[in-house]
Amino acid sequence: MAAWRREESMSEQFEAGLKQAAAAVNMLKDAIGRVVVGQSDVVNQVMWGLAAGGHVLLEGAPGLGKTLLVRTLSQCLDLRFSRIQFTPDLMPSDVTGTNVLVMDPSQRAAGAMFSVQKGPIFGQIVLADEINRATPKTQSALLEAMAEHAVTIGGTRHALEEPFFVLATENPIEMEGTYPLPEAQLDRFLLKVIVPNPSENELVEVLARTTGHEQGAPPRVLGRDGVLRLRSMCRDVVVAEPVARYAARLVRASDPTSPEAPDLVKRSLRYGAGVRGAQSLVLAAKAVALCEGRANVSFADVAGVAKPALRHRIIRSFEGEADGVSTDTVIDALLASVEARPASVDAERTRQA
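Residues numbered from 1 in each chain as written. Predicted model: local features only at pLDDT ≥ 70, side-chain atom pairs only at ≥ 80, totals over all residues. Heavy atoms only, no water.

Turning next to the environment of Ala-273. Mapped onto the elements of the fold, Ala-273 is located in the loop between strand S12 (269–271) and helix H12 (275–291). For the pair Ala-273 and Asp-255, spaced 18 residues apart in the sequence, the C-alpha separation amounts to 6.9 Å. Other than its neighbours up to four places away in sequence, Ala-273 contacts Val-251, Ser-254, Leu-310, Arg-313 and Ile-314. (Helix = DSSP H or I, 4+ residues; strand = E, 2+ residues; numbered from the N terminus. Contact = heavy atoms within 4.5 Å.)

Helix packing for two helices is described by the angle between their axes and how far apart those axes are. At their nearest, the axes of helix H9 (residues 224–236) and H12 sit 9 Å apart, and the two run at 110° to each other. Overall, the two elements H9 and H12 adopt an arrangement that is roughly perpendicular. The chirality of how H9 crosses H12 is right-handed. Between H9 and H12, the residues in contact are Leu-230, Met-233, Cys-234 and Arg-235 and Leu-283, Lys-286, Ala-287 and Leu-290, respectively. Its residues assigned to classes, the contact of H9 with H12 shows six nonpolar, no polar and two charged. (Axes fitted to C-alpha atoms, helices over the stretch in contact; angles between N-to-C directions. Parallel < 35°, antiparallel > 145°, perpendicular 65-115°, else oblique. Left-handed = near helix turned anticlockwise from the far one by under 90°. Nonpolar A, V, L, I, M, F, W, Y, C, P; charged D, E, K, R; others polar.)

Read from one edge to the other, the open sheet built from five strands follows the order S3-S6-S9-S1-S10, with strand pairing classed as parallel. On the outer flanks of this sheet lie strand S3 (81–85) and strand S10 (189–194), each paired with one strand and no other. In this sheet, neighbouring strand axes are inclined to one another by 15° on average, regardless of whether the strands run parallel or antiparallel. Against the sheet, helix H3 (residues 66–76) touches strand S1 (55–59), S3, strand S6 (125–129) and strand S9 (165–170), its axis set at about 170° to S6. (Pairing = 2+ DSSP bridges.)

Once that is clear, we can look at the pattern of salt bridges. Side-chain pairs of opposite charge can arise where the charged atoms are in close proximity. All chains considered together, the criterion is met by 15 salt bridges. The partner of Asp-225 in a salt bridge is Arg-224, with the nearest N and O atoms 3.5 Å apart. The exposure class of Asp-225 is exposed, given its relative accessible area of 52%. A relative accessible area of 36% means that Arg-224 is categorised as partly exposed. Ionic pairing is found between Arg-245 and Glu-241, a salt bridge with its closest N-O pair at 2.8 Å. A residue pair is termed a helical-turn pair when its members lie 3 or 4 positions apart in one helix, as Arg-245 and Glu-241 do in helix H10 (residues 241–253) at four residues. (Salt bridge = Lys/Arg side-chain N within 4 Å of Asp/Glu carboxyl O. Buried < 20%, exposed > 50% of the residue type's maximum accessible area, 1.4 Å probe, protein only.)

In structure tokens form, the structure reads like this:
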């Protein structure tokens with residue numbers, strides 16, 4: 001009886017925590033909305049990345065507010081913000097930092113000594129602006145930081161302060177002087193978010209806000225402890241086995257060599273999503289449930305995050321590119337062909353097999 005009461009009390013605490021988390025996310029979105037016009041879908045997806053503890057890649061034409069969104073998010077969170085403007089002449093040490101020889105006149109006997117000069121990657125919210133303008137060598141300077149939340153300088157490993165969140169932007173239109181991100185780099189991003197053009201009403205509101213008097217800074221909503229608590233609760237959201245199997249089937253069906261792949265996948269893709277793709281589906285779906293105050297992930301949550309979680313992890317074949325088949329069209333075909341089955345159906349099919 002005592003154990004049952006203890007479990008009931010823990011369940012009630014978790015339910016209360018879910019409501020607080022959803023309220024905090026809504027407050028954060030409202031604060032961002034005071035500066036950023038529209039783009040509700042983009043803001044929602046950035047919230048998923050923040051809650052899940054994954055990095056986000058924002059792709060869109062210039063002037064759509066990508067940098068403004070990241071800067072506003074940093075103002076709403078009591079976290080250390082740093083910005084890296086990626087250019088063709090940027091070096092890896094300009095991102096991570098380097099050892100600097102320091103002469104201390106007051107300690108002549110000690111002579112010169114090396115001191116670590118930390119780079120802008122040592123922030124908590126890091127904006128990698130126009131990331132595709134830097135060379136692959138410089139882009140790779142982010143790999144260790146994004147994957148391990150640490151940076152190695154001069155053979156010494158330096159842990160980055162948590163929470164660590166990278167938001168990168170890229171422009172898909174202008175290709176001259178850019179270096180497409182390699183697949184290993186893209187795979188480090190939990191989500192790839194497409195920033196659309198504003199509607200007529202949104203554009204009118206943008207003009208009203210940006211051609212008049214400057215607006216004040218948005219209020220601070222969450223601090224370090226709040227973000228870490230949000231990320232911890234995201235991991236506690238429950239994913240039932242049928243929902244996890246649905247995510248696994250989506251990823252397996254994206255492999256053009258798989259017998260489960262639909263015809264469009266076999267014809268248009270060279271490589272499908274891998275293990276990180278399945279992990280991203282589940283983590284992002286957990287974040288969706290958390291942001292809505294729910295303790296369980298649904299089939300609809302997984303389907304809803306499929307495009308931002310998978311669009312940068314599937315590689316089109318020459319035929320797919322020649323036919324103009326987009327990755328989002330392929331994901332639509334996956335969602336249409338892969339069935340979301342309840343546990344009873346899976347059990348019956350396993351028994352028959």
